Amino acid sequence: MSGTTPAPGGTPAAARGTRKRRAPIGAPAVLLAPFLLLFTACTLIPIGYAVHLSLFGEKRSGLGFGGTTTRVFTGLGNYTRALGDAAFRDGFWNTAQYCLLYIPLMLGLSLALALLLDSALARAKRFFQLALFLPHAVPGIIAALVWTYLYTPGISPVIDALGSAGAQVDVFGHPLSAVVNIAVWEWTGYNMVIFYAALQAIPREVLEAAVVDGAGPLRTACSVKVPLIRASVAMVGLFTVIGSLQLFTEPMILHDVAPGVVSTWTPNMYAYSAAFERNDYGLAAASSVLLALAAALLSFAVTRLTRGRDEQRARRRNRTATETARRNATETAR
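Residues numbered from 1 in each chain as written. Predicted model: local features only at pLDDT ≥ 70, side-chain atom pairs only at ≥ 80, totals over all residues. Heavy atoms only, no water.

What follows deals with the overall build of the chain. Scanning the chain for helices and strands turns up 14 helices and 2 strands. With 334 residues in all, the chain has 29% of them scored as buried. Sequence separation of at least 24 residues holds for 63% of the intrachain contacts in the chain that already meet a minimum separation of 6. When the accessible area of the chain is evaluated, it comes to approximately 20900 Å², of which 67% is carbon and sulfur surface. (Helix = DSSP H or I, 4+ residues; strand = E, 2+ residues; numbered from the N terminus. Buried < 20%, exposed > 50% of the residue type's maximum accessible area, 1.4 Å probe, protein only. Contact = heavy atoms within 4.5 Å. Areas by Shrake-Rupley, 256 points an atom, 1.4 Å probe, with all protein chains shown as cover.)

Now for helix α2 (residues 26–54). For α2, spanning 29 residues, the distance from its first C-alpha to its last is 39 Å, which sits close to the expected 42 Å at 1.5 Å a residue. Of all the bends in α2, the greatest, near 40 degrees, is centred on leucine 32, and the proline proline 34 appears no more than four residues after it. (Expected span 1.5 Å × (residues − 1). Bend = angle between axes of the 7 residues up to and from the residue.)

What follows concerns the pattern of salt bridges. Scanning the model with the defined rule gives 2 salt bridges in all. For arginine 81, the salt bridge goes to aspartate 280, with nearest N and O atoms at 2.4 Å. On the criterion of sequence distance, the pair formed by arginine 81 in helix α3 (residues 77–84) and aspartate 280 in the loop between α13 (267–276) and α14 (281–333) is long-range, its members being 199 residues apart. When the shortest N-O distance is used, the salt bridge between aspartate 118 and lysine 225 registers 2.8 Å. (Salt bridge = Lys/Arg side-chain N within 4 Å of Asp/Glu carboxyl O.)

Attention now goes to the environment of threonine 264. Assignment of secondary structure puts threonine 264 in the loop between α12 (249–254) and α13. Sequence separation between threonine 264 and alanine 274 is 10 residues, and the spatial gap between their C-alpha atoms is 9.0 Å. Those residues within four positions of threonine 264 in sequence are excluded, and the remaining contacts are Ala87, Gly91, Met269, Tyr270 and Ser273.

The next thing to look at is the packing of helix α4 (residues 86–118) against helix α8 (residues 175–200). One can describe the packing of α4 onto α8 by two numbers: an axis separation of 7 Å at closest approach and a directional angle of 40 degrees. In terms of orientation, α4 lies oblique with respect to α8. α8 is crossed by α4, and the crossing has right-handed handedness. Classifying every residue of the contact of α4 with α8 by side-chain character gives 22 nonpolar, 6 polar and 1 charged. (Axes fitted to C-alpha atoms, helices over the stretch in contact; angles between N-to-C directions. Parallel < 35°, antiparallel > 145°, perpendicular 65-115°, else oblique. Left-handed = near helix turned anticlockwise from the far one by under 90°. Nonpolar A, V, L, I, M, F, W, Y, C, P; charged D, E, K, R; others polar.)

Below, the structure written as structure tokens:
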């Protein structure tokens, strides 16, 4: 006897169920089509063109007196030139110093402000949320121009006030701290809102249990709240790393007033200088591809690191639960 039950129309129920499962495939494809088209047009095609452009160079003839310019295939020559250029390598070193100073400072400040707003002692939470988020609403180039005004001696009321008090501050002599200060001012409030939203999603029962167990506000924040929003902290850290490697606007604005900020201070500025100041589009494309590869590798490393820690904590919790269950079973058997 057959194992399928015929449907009223003579179609087996299994076959009919198969058709029902396959039918919705068209709807996700239609919904995803606009995204895939935009992603292909705005991301994949530009990346492919940049890779293609990085494999070619320009050869000029005529000794600069009206000669012709021809494109020649150079293979990995542009990549070799970029990696062999000390200015390009120094740009990565400046970016690394920026990341080491900016990321911990911004993340720590954003998390501390979010914990303060989430505490029971906080007042006027909506006002402070808006006030802290407002700097992010200012476009980056406008923020950099405002801070350049505040950094410039003879113009800045802050620098002049410090000078009249006997404190001589040379902000442009330390461009790294100046750039970090602008970025922290721009992004702290934005990430604070993300952390605060994650804190609001923590079940209140968990916090009440911590209070009942005798945990104070500081212990509750460090031992309960922060571990529960670890996923949000990891996500913000990942996006911050990617954004830090693309540093361009702030040092580009400071380039005209800070002697230490040269035109190749970051890899992005190096690519910009190669393309629009030296008209070397092959070198600019190669340096951009190398920067993208560095961002991808660093993002992969951060993701693996956070995932590995989460897996270790999950295994530790499972081991503790197993040992507790075994201990309870043993006591019950006795």
